[in-house]
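Structural overview
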2 protein chains.
Amino acid sequence: MTVASHAAQSFTGAILHTPDIPAGATQDRSGHVVAGDPALLIRAADVDDVRHAVRLAARERLSVVVRGAGTGLAGGAAAGAGALVLDVSGLNRIVELSADDELAVVEPGVAATTLDAAASEVGLRYAPDPASAAISTIGGNIATNAGGLRCVKYGVTSDAVLGLSVVLADGTLVHTGRRTAKGVAGLDLTSLFTGSEGTLGVIVSATVRLQPIPVRTVTIAAYFDEVETAAAASAAVLAARVRPAMLELLDAGSLREAQDLLRVRGRDAGAFVVAQTDGFGADAEAAAVRACFARFTSRVSVEEDPAAAEALLAVRRAALPALERHGRVLIEDIAVPRSRIARAVRRISAIARDHDSTIFTFGHAGDGNLHPIIVIPPDDDDAGARAQGAAAEIFATALELGGTITGEHGVGLLKRDWLARELGPDALRLQRTIRQAVDPGGLFNPGKVF
Amino acid sequence: MTVASHAAQSFTGAILHTPDIPAGATQDRSGHVVAGDPALLIRAADVDDVRHAVRLAARERLSVVVRGAGTGLAGGAAAGAGALVLDVSGLNRIVELSADDELAVVEPGVAATTLDAAASEVGLRYAPDPASAAISTIGGNIATNAGGLRCVKYGVTSDAVLGLSVVLADGTLVHTGRRTAKGVAGLDLTSLFTGSEGTLGVIVSATVRLQPIPVRTVTIAAYFDEVETAAAASAAVLAARVRPAMLELLDAGSLREAQDLLRVRGRDAGAFVVAQTDGFGADAEAAAVRACFARFTSRVSVEEDPAAAEALLAVRRAALPALERHGRVLIEDIAVPRSRIARAVRRISAIARDHDSTIFTFGHAGDGNLHPIIVIPPDDDDAGARAQGAAAEIFATALELGGTITGEHGVGLLKRDWLARELGPDALRLQRTIRQAVDPGGLFNPGKVF
């Protein structure tokens, strides 16, 4: 390709042409495939590479699909014909880490766990902990405004992002936000770019807030007969003015599968809840959590020992891998007002029956963010279609219960049609207006989100 | 005015013409005056009034200057010739308060303290606590993304806003955000409108997060010989992994003046710090705070009794009224990285000397947000000009130290020129592009912020 060979001289990083672009670089973990092959893959080595790539794409009428580790779950990084895939995972330096100001400046290719490890050397941590933290990059976490387990107490990714450096569609590098804990100078463009799923620009640097590692952490787990009592017990914890650092719920099926994968002696239960409390009040809060749980079940355990606590958490972490043993999975991501968690879980069970699908539900009881996992067995040709029907009804249920179609994974390609239903025509039009203003040519990730 | 008399039939609320508009409705607490008289003042009674007013203004080529209680400190609500002043303080219902989902839906004219009082009946509170909470409205708090004392632990206004209803320039009513704790469906327009200072639309409703009232609160105060040791002690608290719910600092002059106003026996000191800890770990955290302070001073007191604690806090609250006894005050609002607080306070003292001005500094040591107060004595004709010179140098110092020109009050009219200096031309252009996209005719608050 003449364009590429001419342009290649401008890049410090690697540039690959169509036949050499690995298939893996055109998809994310949703498995969604966009028709056709991307024209180019540029592995940026620095910010200048990003700016050159953006300008090249604009000149050659290619779209820009930014990717990091490719662990997205909504198809946001899927790329097809006419795309320039811009891989920024090579921008992976921790540029600065200030213990005094509790912040770090990082490039987008740094993994959250890598930052966390560096911060831990000075007693700090990066609070957002998406399940993918070890394998995803912070650029992708910011692009999707990723959540995690700890966000019930410590907030989601956007709560940790103080400022960004972004390459815009004309190749301009702009800086948003600040280094200070507070600041209100101008419109909050940091929050606008956070969660924009690659549709507004390329994030090339982020200033993120760090937080002290809690002085103490206690883990509490409980088995309940019914999902209703588990949800009621979770609500009781919050009503007791406890702020758990984690409050996770597994339904009966997820629990059974996770225990099976871990080969732990199966404890049959209608639902499983694992909570953590942390900080100076961890023990007092743990006692309050235990008391709340004990009102609804006799099967409660409190663990202060890290290894024993880890064993309890392992059950929650094993849920998804356990389900993936049974086939392809659709990982859904609705959020409902917390008071409606039990109703949502029940409704999902009914949807599974109605659509002859296998659905397991676990998620973040502390903030109402549920992950219904629809399993598509490999030997069932029609299961995929039935799963799509079930997914649609899950989204509709989320909206009906006053919730959202995506709590932390994003819209990407997969939920685009549902976004319109959630936002309504006027709000969607406003979203598009802003997108159009920032990226008039529709250079960045066209066809995603909107 | 024929326009008005014709239009008046459309409004449920009151409509006032030029000669009848009270001067107070054209200014905020900055005292800034915009030349000329507004054409109309509409006191909206409901959302339809707001929509009609916006459409009327667009039709008659008037600008729309929204106001609530008029307690802004940056001139954001100042209105002059060609303006339709839209007073939304009459939209003051608490529409919903859900204890289970820890949220409220409120109209913009509700005061934060009114919401707080209603929430307290179910054990909850609205965390943002700007100093003006009793007299300002939540609409204005959202428009300026107001901070407060508790935000060092509980976040600023934007952290509490889940969703908004906004009337746009064409009269469309759009809804942003959600009712759930988490959600990433589309661009984060809630954060875009929060802090937009009336330049993008009219906020007519907000869904805000509530939080449990902490089970316990402890107050710790200390007197230090030097502002450097006070700042070092504050830093030590944060390094000890304590998350104080409040960490306030007064310089020597502010302390002296506040004590004088309160007629408390003067304790001479170079600086005063008052902290609060709260929640299940309040006592343990208070002990840690005391230990940190004790490394730098022997004059530390810990109060668990609410009345005694209130007496300590009263000193902080008295600082501004005490200074207002001496003349007109310029209330500045810089924020610097926390590690630079002491340096900023020292620099401000030097600026006072250089500009022959009287400046007192107090502020939020926990997040680096400082309020240098420049006093302009009534009998000193030249003091105003000297104060402006000092203010400019304070802004320059904030930027030089890696900070911002406004931590929580906003840009409004007063800091417009400085916004360009803080953001730089490219980021400012992007801000204007977005403003232009959302409000193409420049209907809302023209001349403010940008």
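All of these numbers come straight from a predicted model, not from anything done at the bench. (Residues numbered from 1 in each chain as written. Chains lettered and ligands numbered in written order. Predicted model: local features only at pLDDT ≥ 70, side-chain atom pairs only at ≥ 80, totals over all residues. Heavy atoms only, no water.)

1. With respect to the UniProt feature "domain: FAD-binding PCMH-type" (unreviewed entry) in chain A
UniProt's feature table lists "domain: FAD-binding PCMH-type" (unreviewed entry) at residues 34–213 of chain A, given in the numbering used throughout. Between the C-alpha atoms that bound residues 34–213 of chain A the distance is 42 Å, and the span itself is 23% helix and 26% strand. (UniProt positions renumbered as here; feature names shortened; annotations may be inferred. Helix = DSSP H or I, 4+ residues; strand = E, 2+ residues; numbered from the N terminus.)

2. Concerning the pairing of strand 10 (residues 202–209) of chain B
Residues and elements named next belong to chain B. By the criterion of burial, strand 10 is predominantly enclosed, with seven of the eight residues buried. Pairing analysis gives six bridges linking strand 8 (residues 161–167) to strand 10, with the strands arranged antiparallel. By the bridge assignment for strand 10, Gly 163 is matched with Thr 207. (Buried < 20%, exposed > 50% of the residue type's maximum accessible area, 1.4 Å probe, protein only. Pairing = 2+ DSSP bridges.)

3. Some remarks on the relation of the copies chain A and chain B
Mapping chain A onto chain B calls for a rotation angle of 180 degrees and an axial translation of 0.0 Å; the resulting RMSD is 0.0 Å. The two molecules are tied by a two-fold rotation axis, judged by turn and shift. The rotation axis passes nearest to the C-alpha of Gly 281 of chain A in chain A, at a distance of 1.8 Å. (Least-squares fit on C-alpha atoms with pLDDT ≥ 70 in both.)

4. What to know about the domain arrangement of chain A
Residue and element names in this part refer to chain A. Domain parsing of chain A yields domain 1 (2–87), domain 2 (94–212), domain 3 (214–313) and domain 4 (326–439). Residue-level contacts link 15 residues of domain 3 with 13 residues of domain 4. For the pair domain 3 and domain 4, the summed buried surface comes to about 1200 Å²; carbon and sulfur atoms form 56% of the total. The interface formed by domain 3 and domain 4 includes two salt bridges. With its nearest N and O atoms 2.7 Å apart, the salt bridge here joins Arg 346 to Glu 228. For the pair domain 3 and domain 4, the interface holds nine residue pairs in polar contact (both at pLDDT 80 or more). (Domains from an automatic or database assignment. Contact = heavy atoms within 4.5 Å. Buried area = accessible area lost by both parts, 1.4 Å probe. Salt bridge = Lys/Arg side-chain N within 4 Å of Asp/Glu carboxyl O. Polar contact = N/O pair within 3.5 Å; in protein donor to acceptor, adjacent residues only side chain to side chain.)

5. Notes on the nonpolar core
One finds Leu 115, Phe 293 and Ile 434 of chain A together with Leu 115, Phe 293 and Ile 434 of chain B to be the most contacted residues of the largest nonpolar core, which totals 172 residues. Excluding its chain neighbours within four sequence positions, the residues that come into contact with Ile 434 of chain B are Leu 187, Leu 189, Leu 192 and Val 438 of chain A together with Leu 192 of chain B. (Core = buried A, V, L, I, M, F, W, Y, C linked by side-chain atoms within 4.5 Å.)

6. Comments concerning the sheet that holds strand 10 of chain B
Sheets are built from strands paired through backbone hydrogen bonds, the pairs being either parallel or antiparallel. Residues and elements named next belong to chain B. With antiparallel pairing, five strands are arranged side by side in an open sheet as 5-6-10-8-9. Each having just a single partner strand, strand 5 (94–98) and strand 9 (173–177) make up the two edges of the open sheet. On average, each strand axis in the sheet is tilted by 10 degrees relative to the strand beside it, whichever way the strands run. Two elements, strand 5 and strand 6 (residues 103–106), share four bridges in a ladder whose sense is antiparallel. Across the sheet, the residue bridging to Glu 96 is Val 105, located in strand 6. (Axes fitted to C-alpha atoms, helices over the stretch in contact; angles between N-to-C directions.)

7. A short note on the packing of helix 12 (residues 341–354) of chain B against helix 13 (residues 383–400) of chain B
All names here are of chain B. Taken N-terminus to C-terminus, the directions of helix 12 and helix 13 make an angle of 155 degrees; their axes are 10 Å apart at the nearest point. Here helix 12 is positioned roughly antiparallel relative to helix 13, judged by the angle of their axes. Pair helix 12 / helix 13 crosses with right-handed handedness. Touching Arg 347, Ile 348, Ile 351 and Asp 354 of helix 12 are Ala 390, Glu 393, Ile 394, Thr 397 and Glu 400, all from helix 13. Class assignment for the residues of the contact of helix 12 with helix 13 results in four nonpolar, one polar and four charged. (Parallel < 35°, antiparallel > 145°, perpendicular 65-115°, else oblique. Left-handed = near helix turned anticlockwise from the far one by under 90°. Nonpolar A, V, L, I, M, F, W, Y, C, P; charged D, E, K, R; others polar.)

8. A short note on the sheet that holds strand 4 (residues 83–87) of chain A
Residue and element names in this part refer to chain A. Spatially, 1-2-4-3 is the arrangement adopted by the four strands of the open sheet, whose pairing is mixed. Two strands bound the open sheet, and with one partner strand each, they are strand 1 (14–17) and strand 3 (63–67). Pairwise comparison of adjacent strand axes, ignoring direction, gives a mean angle of 20 degrees for this sheet. When strand 3 meets strand 4, the two strands line up parallel, connected through five bridges. Bridged to Val 65 within strand 4 is Val 85. Sheet contacts for helix 2 (residues 47–59): strand 2 (40–43), strand 3 and strand 4; angle to strand 4, the most-contacted strand, approximately 175 degrees.

9. A word on the packing of aromatic side chains
All told, the structure shown has six aromatic pairs over all chains when counted by the stated rule. The aromatic ring of Tyr 154 of chain A is capped on one face by Arg 125 of chain A, whose charged end is 4.7 Å from the ring centroid. (Phe/Tyr/Trp six-rings, centres within 6.5 Å; stacked < 30°, edge-to-face > 60°. Lys NZ or Arg CZ within 6 Å of the ring centre and 35° of its normal.)

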